Amino acid sequence: MSVQEYLDKHMLSRKIEDAVNAAVRAKAPDPVLFISNHMRKAVPSAITEIKARQVFDSRGVPTVEVDLHTNKGVFRASSPSGVSFGMHEVVELRDGDTRKYLGKGVTKAVKNINEKISEALIGMDPTLQSQIDQAMMDLDKTENKARNIFHAKHHTSEWDHAELGANAILAVSIAACKAGAAEKEILYRVVFRYRKDFPIMQVSLYKHIADLSGKGKPVLPVPAITVISGGKHAGNNLAAQEIMILPVGAHSFEEAMQIGSETYHHLKAVILEKYGSSGCNVGDDEGLDLVKVAIERAGYTERIKLAMDFSATDFCIDYPLVSIEQPFDKDDWEHAKQFSDLGICQV
């Protein structure tokens, strides 16, 4: 095959010409570097490598971290978990060997990513998020992605029919989503490269997710800021799991965070004044009273509403709440629906 035939077969002449023209229009000080980057961006993206490792979350618990490579870059994500789990949530795959990290190691999930998931996803287009997620779901046929049976005698756990683990699937899915957002920015550059009036900007991850979900104009929600924690994971008498404030009167997310921050620190002062540095044993109503005082001190009485995450077996609150999380047992669908239908507050 001659040089000209090779150029014609791969349409290289046109692509090189486009790259040179782009360098001229941009008045690139280093045309070789500019043309090289331009040509690289014109190549359709594909997942080329997936590498997982065990790292530690903010609580010192092992979790999964993934580097997903495409020909456009490397995209990293992890999947740390919370303290409590709902019975209907997907389940992480933990090693179960209590002699290491109290059984919470994730080397099995890491191995699943480096072997099974990697093999299934190499070559896929990172912009096809639903297809990537479905490919992983097809690999894992378990209902909640892992079932654990603990054997105390041998200090191990048997994962009955576990395939991948939700922690493995989620970390890869997030990394792929980041890669998809980066590829979308490159596609915009290619499509609108001759439109001088079109501002080429990086496609934010939230915008990419909004596009995937079909939501054209995403709106930031009002942040629900936890100011007092209770329940079985806290060292106090508060039956409810969380008392939260909602800065509904803020005009921007930044202002909402300012309101939340100032109120939180006023609350700290209120508690110190009333109970001292070791005071933490407050009940539900008393905790709400303290938050109310802090809101008044911060000067946001008309701009903050209260919310609670009960996660309790029973409760009785005489307070104007605008949002309640998990007012009943996780499987009590009937009462949850009846309560929601009352329209008293957000559930």
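Here the structure is shown first, and the text comes after it.
Scope of this entry: the structure provided in the associated data block. Note that the structure is a prediction, hence the values are computed from the model and not measured.

To continue, consider helix α5 (residues 129-139). All of the buried residues in α5 are Q129, I132, A135 and M136. Projection of α5 onto a plane perpendicular to its axis shows the buried side chains occupying an angular sector of 130°, all on one side.

On the surface, a cluster of nonpolar side chains totalling about 240 Å² of accessible area is made up of I16, V20 and V24. Assignment of secondary structure puts V24 in helix α2 (residues 12-26). For V24, a relative accessible area of 57% corresponds to the exposed category.

Moving on, we come to helix α8 (residues 253-275). An ideal rise of 1.5 Å per residue puts 33 Å on 23 residues; α8 measures up with 33 Å between its terminal C-alpha atoms. Listed in full, the buried residues belonging to α8 are A256, I259, G260, T263, L267 and V270.

Another aspect to go through is the nonpolar core. Counting residues in each nonpolar core, the largest one holds 28 residues, and the members touching the most others are I50, V66, L68, I113, I117, L121 and V172. Examining the composition of this core, we find that 8 residues originate from one element, helix α6 (residues 166-191), more than from any other. Every residue in contact with L121, bar those within four places of it in the chain, is listed here: I47, I50, I132, A135, M136 and V172. By size, the runner-up hydrophobic cluster in this structure holds 27 residues, among which are V291, Y319, L321 and C345.

What follows covers the pattern of salt bridges. A side chain with one charge may pair with a side chain of the opposite charge, provided their charged atoms come close. This model, assessed by the stated rule, comprises 12 salt bridges. Its salt-bridge partner being R76, residue D67 comes within 2.6 Å of it at the nearest N-O pair. Residue D67 is classed as buried on the basis of its relative accessible area, which comes to 7%. We note a salt bridge from R297 to E273, for which the minimum N-O separation is 2.6 Å. Separated by 24 residues along the polypeptide, R297 in helix α9 (residues 284-298) and E273 in helix α8 bring together distant segments of the chain.

Time to look at the environment of S340. If you trace the backbone, S340 turns up in helix α10 (residues 333-341). For the pair S340 and P327, spaced 13 residues apart in the sequence, the C-alpha separation amounts to 10.0 Å.

Mapped onto the elements, N167 comes out in helix α6. According to the relative accessible area criterion, N167 is buried, its value standing at 2%. One polar contact links the side chain of N167 to the main-chain amide nitrogen of L93, over a distance of 3.0 Å.

All right, on to the packing of aromatic side chains then. One pass over the full model with this rule turns up 2 aromatic pairs. Centroid distance F328 to F339: 5.9 Å. Interplanar angle 85°. Geometry classified as edge-to-face. Residue F328 is found in the loop between β9 (321-325) and α10, and its partner F339 is found in helix α10; the two are separated by 11 residues along the sequence. Residue F339 is classed as buried on the basis of its relative accessible area of 18%.

As a further point, take the environment of R76. Structurally, R76 is set in strand β3 (residues 73-78). With relative accessibility at 45%, the residue R76 sits in the partly exposed group. It is 5.4 Å that separates the C-alpha atoms of R76 and A175, two residues lying 99 residues apart in sequence. With residues up to four places along the chain from it excluded, the contact list for R76 reads R53, E65, V66, D67 and K178. A distance of 2.6 Å separates a polar atom in the side chain of R76 from a polar atom in the side chain of D67.

About the thresholds
- Residues numbered from 1 in each chain as written.
- Predicted model: local features only at pLDDT ≥ 70, side-chain atom pairs only at ≥ 80, totals over all residues.
- Heavy atoms only, no water.
- Buried < 20%, exposed > 50% of the residue type's maximum accessible area, 1.4 Å probe, protein only.
- Helix = DSSP H or I, 4+ residues; strand = E, 2+ residues; numbered from the N terminus.
- Arc of directions from axis to C-beta.
- Patch = residues over 30% accessible without salt bridge, like charges linked within 9 Å, V, L, I, M, F, W, Y side chains within 5 Å.
- Areas by Shrake-Rupley, 256 points an atom, 1.4 Å probe, with all protein chains shown as cover.
- Salt bridge = Lys/Arg side-chain N within 4 Å of Asp/Glu carboxyl O.
- Expected span 1.5 Å × (residues − 1).
- Core = buried A, V, L, I, M, F, W, Y, C linked by side-chain atoms within 4.5 Å.
- Contact = heavy atoms within 4.5 Å.
- Polar contact = N/O pair within 3.5 Å; in protein donor to acceptor, adjacent residues only side chain to side chain.
- Phe/Tyr/Trp six-rings, centres within 6.5 Å; stacked < 30°, edge-to-face > 60°.

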